[in-house]
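A look at the structure
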Amino acid sequence: NTACAFVLGNKLDLILNNRNETENQASDFEIFKSCWEEEAKMQSVLKKVFRSTSVQTRTAILFTYDENDNKIKPVILNYENGYNLWRHKDETGKMDCVVVEYNTDEIVNGQIMSGIKYTELWMADKMIRYKNEQDPVTYKNVSNKLLIAYFEQSHPEYWFVIDLID
């Protein structure tokens, strides 16, 4: 809690830093700020992500669009929530893909099938989903942006006292 308060204790100020901004950019930025602060409640999400990353070392935020509510919603992906995560970087060191693995149950022909394994590869232009041993299905990403914020640290926060714990 102390580390989280130190890193995220104060509210983030979002500022449009563009000297040549257009009215559309200013309007879009206000919509983004409203989403960030009111709809998604990102300050709270970031605190959860920080705590998760401190212990589990890998966490991601998947930003999804809810057509029913017309809102962008953050989904926290981490081990505690049943997700295994990895990232891939291109030759310049920029992240170009996030791999997400999880198991779920599905109803097939009126019966519950347990342990259905999914592997998803999230990229800027598409998402490829593998289900068990079936052929992959590709979904186009209409935003052409990787809508995942990925957080990773090399060791959990208790790494330095792990010998004392043992």
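Each remark here, short or long, concerns the structure printed above.
What comes next concerns the included structure. (Residues numbered from 1 in each chain as written. Predicted model: local features only at pLDDT ≥ 70, side-chain atom pairs only at ≥ 80, totals over all residues. Heavy atoms only, no water.)

Turning next to the overall build of the chain. Summing up its helical and strand segments, the chain has 4 helices and 8 strands in all. Counting from the amino terminus, helix and strand elements in the chain follow one another as α-α-α-β-β-β-β-β-β-β-β-α. Among the 166 residues that make up the chain, the fraction classed as buried is 25%. For the chain, contacts bridging at least 24 residues in sequence account for 37% of all contacts bridging at least 6. Carbon together with sulfur atoms contributes 50% to the accessible area of the chain, which is approximately 12,200 Å² in total. (Helix = DSSP H or I, 4+ residues; strand = E, 2+ residues; numbered from the N terminus. Buried < 20%, exposed > 50% of the residue type's maximum accessible area, 1.4 Å probe, protein only. Contact = heavy atoms within 4.5 Å. Areas by Shrake-Rupley, 256 points an atom, 1.4 Å probe, with all protein chains shown as cover.)

What follows covers the packing of aromatic side chains. Scanning the entire structure with this criterion turns up 2 aromatic pairs. Arranged with centres 5.3 Å apart and planes meeting at 15 degrees, the rings of Tyr102 and Tyr118 form a pair that is stacked. On the criterion of sequence distance, the pair formed by Tyr102 in strand β4 (residues 95-108) and Tyr118 in strand β5 (residues 111-122) is long-range, its members being 16 residues apart. Taken as a pair, Tyr102 and Tyr118 share a single burial class, namely buried. An aromatic cluster of three or more residues is present, and its members are Tyr83, Tyr102 and Tyr118. (Phe/Tyr/Trp six-rings, centres within 6.5 Å; stacked < 30°, edge-to-face > 60°.)

For the rest of this paragraph, the subject is the pairing of strand β6 (residues 126-131). Relative to β6, β5 runs antiparallel, the two sharing 5 bridges. Following the sheet pairing, Glu120 is matched in β6 by Arg129. For β6 and strand β7 (residues 137-140), the ladder comprises 4 bridges, and the chain directions are antiparallel. Counterpart to Lys126 in the pairing with β7 is Lys140. Counted between consecutive antiparallel strands, the loop separating β6 from β7 contains 5 residues, among which Asn132 sits at a positive phi close to 45 degrees. (Pairing = 2+ DSSP bridges.)

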